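Spelled out from the first residue to the last, the chains are:
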Amino acid sequence: MSPLDSSQNVMKKCSNPEHPHCTFWVLPGETVCAGNHPQATTAPSSYDLLTALRSARSEPSATALPHAPADDSDIRDAVIRDAVIRDAAIQTVSRSVGASAATPAFTPAPVAPPTAPSAYQPVQAHLHISGFDPRAAGGRQTLKMELRGMSAACAPQLTLRLRSDLIPRGHVQHDFVRTTRGDWRPVFVEFSSRNKEHGQYQIEVEVHSHVDGAVAQKWVCTFVILVPRRDATLTEIHQIFLSTHKNVRVMADDASIARVTGGDGCNLDVTARNAGIAHVDLSAPQGKIDMGFTTIAWDEELIEVDLPAASHCHPHPSQAACLVNAAPEAGEQRQIRLFALEECMLGRFELVDPEADVLLSHFSPDGQDNNGLTRRLSGRHAIIRRSQHQQGFEIEDVSRYGLLLDGVWPGKHKPVPLRLGMRIELSASIKGIVVLSVTALLAHGVILHRIDHGARAECFYLLLPDTQPTPASHLATPQASCLPVLFHRNGGFWHLDTASGKETALAPATALDKLSGFARHNRFASEPYPECWIIRTEGAALCDSTTMQTA
């Protein structure tokens, strides 16, 4: 007999409140005393409930044979029997608390074996983002991104593209690779909030599935990263984060008790103050928001977007590149530098964190000199962009040293339209540092050649991104007319054969000697200055004047 049964099946005196002086005894199981006074059934005390529960848990081990050998089936049966008895005791205790007065005694009822609660599983494809520590304000962060819920029909390797002001150079690209287990290998994205204004920063995410070099499926999402103040406390940071993600708030104040018994995928904010007690007992495991001691994790649903019928991704997307001629002949340049920007900044050559896109150096008869007169060029000297009021392109002086257009200083911050054959000198105070000439005005860009001692070293294609060329309207000098027709589309550079109309994507593996306009010994480099190791941090240039163009 359990302790609960023994506490209920003993003789007690009459407890009828209408007859407080009755001294008759009440027999076990009777509902009236000897004086025929009805008796109220009292609920078991907390001590009786706990004692009954502990006794029910210990019954299987007490009745088991101490030295009997047990195989796997015996162990499994014992575990199931222990779980059934435990749940039976818990349900019986709960039923005894709310039982009616007519219930004579405690009677266990058969119960079904327990079933595991279903965990919170989003049915849509989503990114699980973890590792974010907002306390590291002004420091380095590393986000772990896990791809979950993705259909098995997609490609075994997916491309992840991120765009944000927090990411160096404004964008980054990674690959999700499917493992042999069927899940996806996580991706780690690093960024720094150093010298960033506190507040919220968007991170735009694109996931591409490629088939035969073309984008077959595309998923997008956007989430917000909080860069807090340097003096913000962890409590304030968590409150700000939870205010945008939670949907349930539980608070306990002034010695009260707040209790949560079921989660069902809810996002909870539980607070206990002033000697309050907050008891959380979620039936499901981790929900949508996981709060750790130092980091924060959450889920972002991926939304699949429809793609145009003719959406082809460039095999080697880039905003800036270079054509390198290993053996230039007379009149040819060693490097043809390509830029695809809405606004192209011309400025001083720097190896670390240059401020410009087109990096210019002074060339003397002895060769390139990155010091000396080069230091008399501004980091941001001039801007070339499409004219806002008329067709064509314009140049604007934004430097402290000035520039000369056909020998005349146009004035600072005064755009001047470019014309074919225009002579551009940087700077106005010292002549001959860098001298450029406009050799071609295209519908989709400008070609500049050097006419100083660096004429054999380099020339420049300044192209508009995602703009189709129209060769019939091109204006070019004989120096530029022999160059290939290049343009930018779908995030990368292309070559156009004007005779056949064939378009060829330019990539490091492209055989350039088979394309029209290219001499032998030419190769495509994915960097505009492959001969130098340019270090760009904190998104310096190339992303300050334009946004990343995606396919």
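Look a little higher up for the structure.
Just so it is clear, the model here is predicted, and its values are computed rather than measured.

**Observations concerning empty space enclosed by the protein**
Where empty space is left in the structure can be found by rolling a water-sized probe over the atoms.
Then step 1. The full count for this structure, using the stated rule, is two cavities of 30 Å³ or more.
Then step 2. Around the largest cavity, the lining residues are F339, L341, E342, C344, I384, R385, F393, L462, L463 and L464.
Then step 3. If you list the elements that add at least two residues to the lining of the largest cavity, you get β23 (382-386) and β30 (458-463).
Then step 4. Along the lines of polarity and charge, the residues of the lining of the largest cavity split into eight nonpolar, no polar and two charged.

**Observations regarding unusual backbone geometry**
Residues apart from glycine generally show negative phi values, whereas peptide bonds are mostly found in trans.
Then step 1. Along the chain, L426 connects to S427 via a cis peptide bond; the corresponding omega equals 10°.
Then step 2. Mapped onto the fold, S427 is located in the loop between β27 (423-426) and β28 (434-442).
Then step 3. Even without being a glycine, D466 presents a positive backbone phi close to 55°.
Then step 4. Mapped onto the secondary structure, D466 falls in the loop between β30 and β31 (475-476).
Then step 5. Even without a glycine there, the phi angle at N490 is positive, about 55°.

**Notes on the sheet that holds strand β24 (residues 393-397)**
Then step 1. Spatially, the five strands line up as an open sheet ordered β20-β19-β23-β24-β26, and their pairing is mixed. Two strands in the sheet have a free side with no partner beyond their single neighbour: β20 (358-360) and β26 (416-417).
Then step 2. Judged from the two bridges that link them, β24 and β26 form a sheet pairing that is antiparallel. Considered in β26, the bridge of I395 is made with V416.

**With respect to the environment of P354**
Then step 1. As for its placement among the helices and strands, P354 is situated in the loop between β19 (343-348) and β20.
Then step 2. Taking C-alpha positions, P354 is 8.1 Å from I534, a pair spaced 180 residues apart along the chain.

**Thoughts on the nonpolar core**
Then step 1. Formed by 36 residues in total, the largest nonpolar core has its most connected members in V358, L360, L418, I424 and F460.
Then step 2. With four residues, β28 is the single largest residue contributor to this core.
Then step 3. Apart from residues lying up to four places away in sequence, I424 is in contact with I395, L404, L405, L418, V434, V435, L436 and V438.
Then step 4. One finds L127, L143, F176 and Y201 within the second-largest nonpolar core, a separate group that totals 32 residues.

**Section: the packing of aromatic side chains**
Then step 1. Evaluated as defined, the whole model comprises two aromatic pairs.
Then step 2. Both rings, one in F223 and one in W298, keep their centres 6.0 Å apart while their planes meet at 70°; by these two values the pair is edge-to-face. Of this pair, F223 sits in strand β9 (residues 214-227) while W298 is found in strand β15 (residues 296-301), placing the two residues 75 residues apart along the sequence.
Then step 3. W298 gets classed as buried once you look at its relative accessible area, which sits at 1%.
Then step 4. Aromatic pair F349 and Y529: ring centres 6.2 Å apart, planes at 70°, arrangement edge-to-face. Here F349 is found in the loop between β19 and β20, whereas its partner Y529 is found in the segment after β35 (522-525), with 180 residues between them in sequence. For the residue pair F349 and Y529, the accessibility class agrees, reading buried in each case.
Then step 5. Looking at R489, its charged tip hangs above the ring of W494, at a distance of 4.6 Å from the centre.

**Here's the deal with the environment of A505**
Then step 1. With respect to the helices, strands and loops of the structure, A505 is situated in strand β34 (residues 503-505).
Then step 2. Sequence-wise, A505 and R489 are 16 residues apart; in three dimensions their C-alpha atoms are separated by 9.2 Å.
Then step 3. Setting aside chain neighbours within four positions, we find A505 in contact with H314, P315, F493, W494 and T510.

**Digging into the pairing of strand β32 (residues 485-489)**
Then step 1. Where burial is concerned, most of β32 is hidden: four out of the five residues are buried.
Then step 2. Pairing analysis gives five bridges linking β32 to strand β33 (residues 492-496), with the strands arranged antiparallel. The residue bridging L486 from the neighbouring strand is H495, located in β33.
Then step 3. Here β32 folds back onto β33 in antiparallel fashion, the turn holding two residues, of which N490 has a positive phi close to 55°.

**Let's talk about the side chain of N325**
Then step 1. With respect to the helices, strands and loops of the structure, N325 is situated in strand β17 (residues 320-325).
Then step 2. Residue classification places N325 among the buried residues on the basis of a relative accessible area of 3%.
Then step 3. Reaching out from N325, the side chain makes a polar contact with the backbone nitrogen of A327 at a distance of 3.1 Å.
Then step 4. Here the side chain of N325 touches E332 through a polar contact of 3.0 Å, side chain to side chain.
Then step 5. Sequence-distant contacts of N325, defined by excluding residues within four places in its chain, comprise E332, Q333, R334, R520, H521 and N522.

**Describing the sheet that holds β33**
Then step 1. With respect to topology, three strands assemble into an open sheet ordered β32-β33-β34, the strand pairing being antiparallel. In this open sheet, the two edge strands, each paired with only one partner strand, are β32 and β34. For this sheet, the mean angle separating the axes of adjacent strands, direction not counted, is 35°.

**Things to note about the pattern of salt bridges**
When charged atoms on two side chains of opposite charge get close, those side chains can pair.
Then step 1. Counted by the stated rule, this structure contains 17 salt bridges.
Then step 2. Of the charged contacts, one joins E206 and K218 as a salt bridge, the two residues approaching to 3.8 Å between their closest N and O atoms. Of this pair, E206 sits in strand β8 (residues 199-211) while K218 sits in strand β9, and the two are twelve residues apart along the sequence.
Then step 3. A relative accessible area of 10% places E206 in the buried class.

What counts and what doesn't
- Residues numbered from 1 in each chain as written.
- Predicted model: local features only at pLDDT ≥ 70, side-chain atom pairs only at ≥ 80, totals over all residues.
- Heavy atoms only, no water.
- 1 Å grid on protein atoms, 1.4 Å probe; cavity = no way out; pocket = protein on both sides within 12 Å on 5 of 7 lines; lining within 4 Å.
- Points joined across faces, edges and corners; volume = space filled by probe spheres on them.
- Helix = DSSP H or I, 4+ residues; strand = E, 2+ residues; numbered from the N terminus.
- Nonpolar A, V, L, I, M, F, W, Y, C, P; charged D, E, K, R; others polar.
- Pairing = 2+ DSSP bridges.
- Core = buried A, V, L, I, M, F, W, Y, C linked by side-chain atoms within 4.5 Å.
- Buried < 20%, exposed > 50% of the residue type's maximum accessible area, 1.4 Å probe, protein only.
- Contact = heavy atoms within 4.5 Å.
- Phe/Tyr/Trp six-rings, centres within 6.5 Å; stacked < 30°, edge-to-face > 60°.
- Lys NZ or Arg CZ within 6 Å of the ring centre and 35° of its normal.
- Polar contact = N/O pair within 3.5 Å; in protein donor to acceptor, adjacent residues only side chain to side chain.
- Axes fitted to C-alpha atoms, helices over the stretch in contact; angles between N-to-C directions.
- Salt bridge = Lys/Arg side-chain N within 4 Å of Asp/Glu carboxyl O.

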